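Examination of the molecular architecture
Spelled out, the chains give:
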Amino acid sequence: MEPDLTDEAAYEQVRAEQWQRMSRRGMLRATAGAGLGAAFMGAASAAAPATASTTTTAAAADGPIVKPLPPELFITHGTNAETRWEALKGAGLHTPVDRFFVRNHVSTPLIDARTWRLKLWGSGLRGSPAEDAPVEFSYEDLLGLRAETITAFIECTGNGRGFFTSQQGQQVSGTPWKLGAVGVARWRGVPLSTVLERAGLTRRAVDILPRGLDPEYIDKGENLGRVRRPLPVAKALKDVLLAYEMNGEPLAPDHGFPVRLVVPSWVGIASVKWLGDIQVSDQPLFSPWNTRFYRFFGPDHPAEGSAPLTRMNVKSAFELPWDATLAAGRRHVLTGRSWSGNGRIRTVEVSTDGGATWHRARTHGPHPSRAWVRWEHTWRPPATGRYELLARAVDETGARQPATVPHNTLGYLFGAVVRHPVTVT
Ligand SMILES: Nc1nc2c(c(=O)[nH]1)N[C@H]1C(S)=C(S)[C@@H](COP(=O)(O)O)O[C@H]1N2
Ligand SMILES: [Mo]
């Protein structure tokens, strides 16, 4: 049984065990732990001696993704892996780390937290520190600052992209995800606002540019540099976390160890992993990740694309294998989850006859505003044969899932109702 991370005592116990394991393995500096509270100090003081270097080095792993990707938990797509929805059946509110999707432009770097530094620089900070003379924070500096935890989903902007082709007959480029490029975790870290203010944020600052330490991204032979996507200061100060923990464990390598951004409700690309530096600017900032990607392009959109995409849309998924087989003449409890970047889900409806009739699904369990809600609907299939199961949600702003969505060439934000095939035998 996975511990229930919505339970404070269970959550604190997971944290204590995980941090002790980490310090036993010598992954923290000797003085780290000072900020972790009394429970962790004894273990942390036994950690390896500090190293003097301040260069951040990243080693390469054997493959693009470090963690195991058993086929019953993941569908792999090149450097990426999506969660199988049936693997969430019976799981709690939070996606266990062993089945949380991975979206890597290149590959997971292996970073030593003892030498890692977060570097802030640019014209939006007091004194305009240069890139080679930045304001620096070590891992233990961050562990020592007041922490916050939030439960939030991270979802790839292209989640559901495959359905542009399979349901709408349209061509799109990019990873043909089904609906498994989303996960909910309990993230712990320091509010980005705290670190920006300590670094000397000025009122002139308009944009920040967080950049990852993973290898440079080569797109069709062109080197676009390291992954970096501008973020408006207003969002950066609102609810963004510099996260060092996921579900009570130090971040796993694939999810951004030692520190990543968590930008709740926004397109997954905003949540930069393996954070190395943040430029803070008094001018608007640009990178291929807000000019060339993560906008709508195509005949229905301006030549330079739409405005950069920000919030995710409403989606729903069944916790069933694709092409599941169900036994005839029995009651089946169909389960699933719905979520939206606009806030909480208000209602969920299910259709078991291809969309002819709809039934209100029963929601259950906690529903934090930046996470999903779990639901179920009981179905006794009337006869053997092929069926399409549909689920659609409405969020607190009234946004709902349409039958089809307009095309965009990069296949972002597929929010239409997905037709999930099952066979009753
Ligand atoms: N440095 C870096 N950050 C990154 C990425 C990346 O390739 N490199 N991928 C982004 C994208 S497109 C998504 S959807 C999320 C995925 O987060 P996860 O792999 O932890 O699920 O990370 C984002 N942050
Ligand atoms: Mo993504």
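Here goes a summary of the coordinates provided. This is a predicted model, so every value here is computed, not measured.

**Description of the sheet that holds strand β23 (residues 373-379)**
Read across the sheet, 4 strands follow the order β17-β19-β23-β22 without closing on themselves; strand pairing throughout is antiparallel. Both edges of this open sheet fall to β17 (315-318) and β22 (362-364), since each of them pairs with a single strand only. Each strand of the sheet is rotated relative to its neighbour by a mean of 30 degrees, with strand direction disregarded. Relative to strand β19 (residues 332-339), β17 is paired through 4 bridges, and the arrangement is antiparallel.

**Details of the pattern of salt bridges**
Pairing between side chains becomes possible if they bear opposite charge and their charged atoms approach one another. All chains considered together, the criterion is met by 20 salt bridges. Note that Arg-15 is salt-bridged to Glu-245, the shortest N-O span being 2.9 Å. With Arg-15 in helix α1 (residues 8-24) and Glu-245 in strand β13 (residues 241-246), the pair connects residues that are 230 residues apart, well separated along the chain. The same class applies to Arg-15 and to Glu-245, which are both buried. With its nearest N and O atoms 3.1 Å apart, the salt bridge here joins Glu-222 to Arg-292. Highlighted residues: Glu-222 in strand β11 (residues 222-223) and Arg-292 in the loop between α7 (288-291) and β17, separated in sequence by 70 residues. Residue Glu-222 is classed as partly exposed on the basis of its relative accessible area, which comes to 37%.

**A closer look at the site of ligand 1**
As a structural note, the neighbourhood of ligand 1 is formed by 19 residues, with Phe-101, Asp-214, His-255, Arg-260 and Lys-273 the closest of them. Between ligand 1 and Ser-271 there is a distance of 3.1 Å, counted from a nitrogen atom to a backbone nitrogen or oxygen. For ligand 1, the protein covers 100% of the area, taking 530 Å² as the surface of the free molecule. The pocket occupied by ligand 1, as judged from atoms lying within 2 Å of grid points, is the largest cavity.

**Details of the side chain of Arg-117**
Looking at the element boundaries, Arg-117 is found in strand β5 (residues 117-121). For the buried residue Arg-117, which engages in no salt bridge, the nearest side chain bearing the opposite charge is Glu-136, 4.0 Å off. A polar atom in the side chain of Arg-117 sits 3.4 Å from the backbone oxygen of Thr-115.

**A few points about the nonpolar core**
Membership of the largest hydrophobic core comes to 56 residues, with the highest contact counts inside it found for Leu-120, Tyr-139 and Trp-187. The leading source of residues in this core is β13, at 5 residues. Other than its neighbours up to four places away in sequence, Leu-120 contacts Leu-125, Pro-129, Pro-134, Val-135, Phe-137, Val-195, Leu-196, Ala-199, Ile-278 and Val-280. Grouped together as the second largest cluster of nonpolar side chains are 31 residues, Phe-164, Val-184, Phe-293 and Val-418 included.

**Describing the sheet that holds strand β25 (residues 419-424)**
Taken in spatial order, the 5 strands of this open sheet run β18-β25-β24-β20-β21, and their pairing is mixed. Each edge of the sheet is formed by a strand with only one pairing partner; in this case those strands are β18 (324-326) and β21 (359-360). Summarising the sheet, strand β20 (residues 345-351) and strand β24 (residues 385-395) pair through 6 bridges and their orientation is antiparallel. Bridge pairing in β24 links Thr-347 to Val-394.

**Brief notes about α1**
Helix length check: α1 (17 residues) gives 24 Å between terminal C-alpha atoms against 24 Å at 1.5 Å per residue, within 8%. By the N-cap criterion, in which a side-chain oxygen at the helix start approaches the backbone nitrogen of a residue two or three places on, α1 is capped by Asp-7, the distance to Ala-9 being 3.2 Å. In the stretch just after α1, Gly-26 is the one whose phi turns positive, near 75 degrees.

**What about the layout of surface pockets?**
Here the largest pocket defines a volume of roughly 390 Å³. Lining the largest pocket are 19 residues; nearest its centre among them are Glu-2, Pro-3, Leu-5, His-94 and Pro-96. For the lining of the largest pocket, the per-class residue count stands at 8 nonpolar, 6 polar and 5 charged. Approximately 320 Å³ is the volume attributed to the second largest pocket. What lines the second largest pocket is a set of 16 residues, and nearest its centre among them are Arg-103, Arg-161, Gly-174, Tyr-217 and Phe-293. The class makeup of the residues in the lining of the second largest pocket is 7 nonpolar, 5 polar and 4 charged.

Reading guide: rules and limits
- Residues numbered from 1 in each chain as written.
- Chains lettered and ligands numbered in written order.
- Predicted model: local features only at pLDDT ≥ 70, side-chain atom pairs only at ≥ 80, totals over all residues.
- Heavy atoms only, no water.
- Pairing = 2+ DSSP bridges.
- Helix = DSSP H or I, 4+ residues; strand = E, 2+ residues; numbered from the N terminus.
- Axes fitted to C-alpha atoms, helices over the stretch in contact; angles between N-to-C directions.
- Salt bridge = Lys/Arg side-chain N within 4 Å of Asp/Glu carboxyl O.
- Buried < 20%, exposed > 50% of the residue type's maximum accessible area, 1.4 Å probe, protein only.
- Near = heavy atom within 4 Å.
- Polar contact = N/O pair within 3.5 Å; in protein donor to acceptor, adjacent residues only side chain to side chain.
- Areas by Shrake-Rupley, 256 points an atom, 1.4 Å probe, with all protein chains shown as cover.
- 1 Å grid on protein atoms, 1.4 Å probe; cavity = no way out; pocket = protein on both sides within 12 Å on 5 of 7 lines; lining within 4 Å.
- Sits in = over half its atoms within 2 Å of the grid points.
- Lys, Arg positive; Asp, Glu negative; His and termini not counted.
- Core = buried A, V, L, I, M, F, W, Y, C linked by side-chain atoms within 4.5 Å.
- Contact = heavy atoms within 4.5 Å.
- Expected span 1.5 Å × (residues − 1).
- Points joined across faces, edges and corners; volume = space filled by probe spheres on them.
- Nonpolar A, V, L, I, M, F, W, Y, C, P; charged D, E, K, R; others polar.

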